[in-house]
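Working through the structure, step by step
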4 protein chains.
Amino acid sequence: MAGYSANKQDHAMRLRRVEGQIRGLQRMVEDDQYCIDILTQVSAATSALKAFSLSLLEEHLAHCVAEAAQKGGPEADAKVKEASDAIARLVRS
Amino acid sequence: MAGYSANKQDHAMRLRRVEGQIRGLQRMVEDDQYCIDILTQVSAATSALKAFSLSLLEEHLAHCVAEAAQKGGPEADAKVKEASDAIARLVRS
Amino acid sequence: MAGYSANKQDHAMRLRRVEGQIRGLQRMVEDDQYCIDILTQVSAATSALKAFSLSLLEEHLAHCVAEAAQKGGPEADAKVKEASDAIARLVRS
Amino acid sequence: MAGYSANKQDHAMRLRRVEGQIRGLQRMVEDDQYCIDILTQVSAATSALKAFSLSLLEEHLAHCVAEAAQKGGPEADAKVKEASDAIARLVRS
């Protein structure tokens, strides 16, 4: 069971909303809508994806990383390194 | 006709690919996959959206903004301001 | 004369303020202050740098790019490409 | 003692380098250098600040957050929440 299972419905709903935003973008391109309006919608979708990943990351720290830290040892270090690498990818994406 | 019409097929294809990534994320959450793998996929989708918006923005500068600049006057200033605001939203999203 | 000369004092002042923030960060590290407080200060400095670059970019579009667009030809295309590349670096930094 | 004390010299050196980049930017503005070259240097300074904060954050997770997780209880939850909020500010700055 993944650490985010308690909020699975919430995550699924957020992602469905992002999917709706991406479909909306496809229609906007199809209908030759104005670039700036499309860019505004892209910024909204990007922000929604970031909010999703920040919420997932918080759960990951609270469950997987915290549990590994309680056990300690190299496994704990590996979990912290793995989470830090994911944060770096997120910050740079 | 929007300034990006020449590359409409290309834009539509990029967005369909992002839609596929978002659907993939929904399956990953549904299947309780590991948080870090989901976060990696979110970073990929965010990067794809940014690449889409940068390509759209370049076309907008090359067409709408350049045409307004050729005419000059307050319309030109307004187009530059509008594009700058869109860039700011993009940088901060 | 660069396109941003009219606001040179303003730009110089913004950068002096960022320099002050970076010196503040050095003192915080020197004094072993709490990581989270340091990270908050880094976010403030990063936001200030982004605001500086967005303001510089807007001037660049309004002057250098607009002037090149008025002349037209390959020089205009090159200026748009150059500005778009700078925006891409900014979005990804 | 802060969690990053072991790498204090390393952090101090990174920040001195960023300070040098900001001073370089001030000279570039003073000398009316080309906007695009200034923007490239801003992107470099922003990336250096992000690298600094990611390295500080990794140490914070490895020390402060991991120690709190070992003790457990509300203190552990508070540390995770605090770190998540710092990550969110970083991602959005």
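Residues numbered from 1 in each chain as written. Chains lettered and ligands numbered in written order. Predicted model: local features only at pLDDT ≥ 70, side-chain atom pairs only at ≥ 80, totals over all residues. Heavy atoms only, no water.

**As for the pattern of salt bridges**
- Under the definition given, this model contains 24 salt bridges over all chains.
- The partner of B:Lys81 in a salt bridge is B:Asp85, with the nearest N and O atoms 2.9 Å apart. In this pair, B:Lys81 and B:Asp85 are both assigned in helix H3 (residues 73–92), four residues apart and thus about one turn of the helix distant.
- What you see here is one network of salt bridges that share partners, running through A:Glu19, A:Arg23, B:Glu19 and B:Arg23. (Salt bridge = Lys/Arg side-chain N within 4 Å of Asp/Glu carboxyl O. Helix = DSSP H or I, 4+ residues; strand = E, 2+ residues; numbered from the N terminus.)

**Focus: the relation of the copies chain B and chain A**
- Mapping chain B onto chain A calls for a screw motion: a turn of 180° about the axis and a shift of 0.0 Å along it, with 0.0 Å RMSD after fitting. Expressed as a symmetry operation, the mapping of one chain copy onto the other fits a two-fold axis.
- Comparing interface residues between copies, 100% of those in chain B also sit at the interface in chain A, which points to an isologous, same-surface contact. (Least-squares fit on C-alpha atoms with pLDDT ≥ 70 in both. Contact = heavy atoms within 4.5 Å.)

**Looking at the nonpolar core**
- Within the largest apolar cluster, 112 residues are counted, with the highest numbers of intra-cluster contacts made by A:Ile38, B:Ile38, C:Ile38 and D:Ile38.
- Beyond its immediate sequence surroundings of up to four residues, D:Ile38 is in contact with C:Tyr4, C:Phe52, C:Leu56, D:Leu25, D:Met28, D:Val29 and D:Gln33. (Core = buried A, V, L, I, M, F, W, Y, C linked by side-chain atoms within 4.5 Å. Buried < 20%, exposed > 50% of the residue type's maximum accessible area, 1.4 Å probe, protein only.)

**Observations concerning empty space enclosed by the protein**
- Inspection of every chain in the model, using the stated rule, returns one cavity of 30 Å³ or more.
- Considered as a void within the structure, the largest cavity measures approximately 80 Å³ in volume.
- Within the residue set of the lining of the largest cavity, elements represented by two or more residues are helix H3 (73–92) of chain A, H3 of chain B, helix H3 (73–92) of chain C together with helix H3 (73–92) of chain D.
- Residue classes in the lining of the largest cavity are distributed as four nonpolar, four polar and eight charged. (1 Å grid on protein atoms, 1.4 Å probe; cavity = no way out; pocket = protein on both sides within 12 Å on 5 of 7 lines; lining within 4 Å. Points joined across faces, edges and corners; volume = space filled by probe spheres on them. Nonpolar A, V, L, I, M, F, W, Y, C, P; charged D, E, K, R; others polar.)

**Digging into the side chain of B:Ser93**
- Turning to its location among the elements, B:Ser93 is positioned in the segment after H3.
- A distance of 3.1 Å separates a polar atom in the side chain of B:Ser93 from the backbone oxygen of B:Leu90.
- With residues near it in sequence (within four places) discarded, B:Ser93 still touches A:Ser43, A:Thr46, A:Ser47, A:Lys50 and B:Lys50. (Polar contact = N/O pair within 3.5 Å; in protein donor to acceptor, adjacent residues only side chain to side chain.)

**Remarks on unusual backbone geometry**
- Even without being a glycine, B:Asp32 presents a positive backbone phi close to 55°.
- Looking at the element boundaries, B:Asp32 is found in the loop between helix H1 (8–30) and helix H2 (35–71).

**What to know about the interface of chain B and chain A**
- Of the residues lining the interface, 45 residues belong to chain B; the matching set on chain A comes to 46 residues.
- When chain B packs against chain A, close to 4100 Å² is buried across both sides, 69% of that on carbon and sulfur atoms.
- Three residues stand out in chain B for area buried against chain A, namely B:Tyr4, B:Val29 and B:Leu39, and they jointly supply 14% of the buried area on that side.
- Applying the counting criterion to the chain B and chain A interface returns four salt bridges.
- The closest approach of N and O atoms between A:Glu19 and B:Arg23, which form a salt bridge, is 3.2 Å. (Buried area = accessible area lost by both parts, 1.4 Å probe.)

**A closer look at H3(B)**
- In this model, H3(B) (20 residues) spans 29 Å end to end at C-alpha, consistent with the 28 Å of a helix rising 1.5 Å per residue.
- Check the buried side of H3(B) and you find it contacts helix H2 (35–71) of chain A, H2 of chain B together with helix H2 (35–71) and H3 of chain C. (Expected span 1.5 Å × (residues − 1).)

From the geometry alone we can't say anything about function, so treat these as descriptive.
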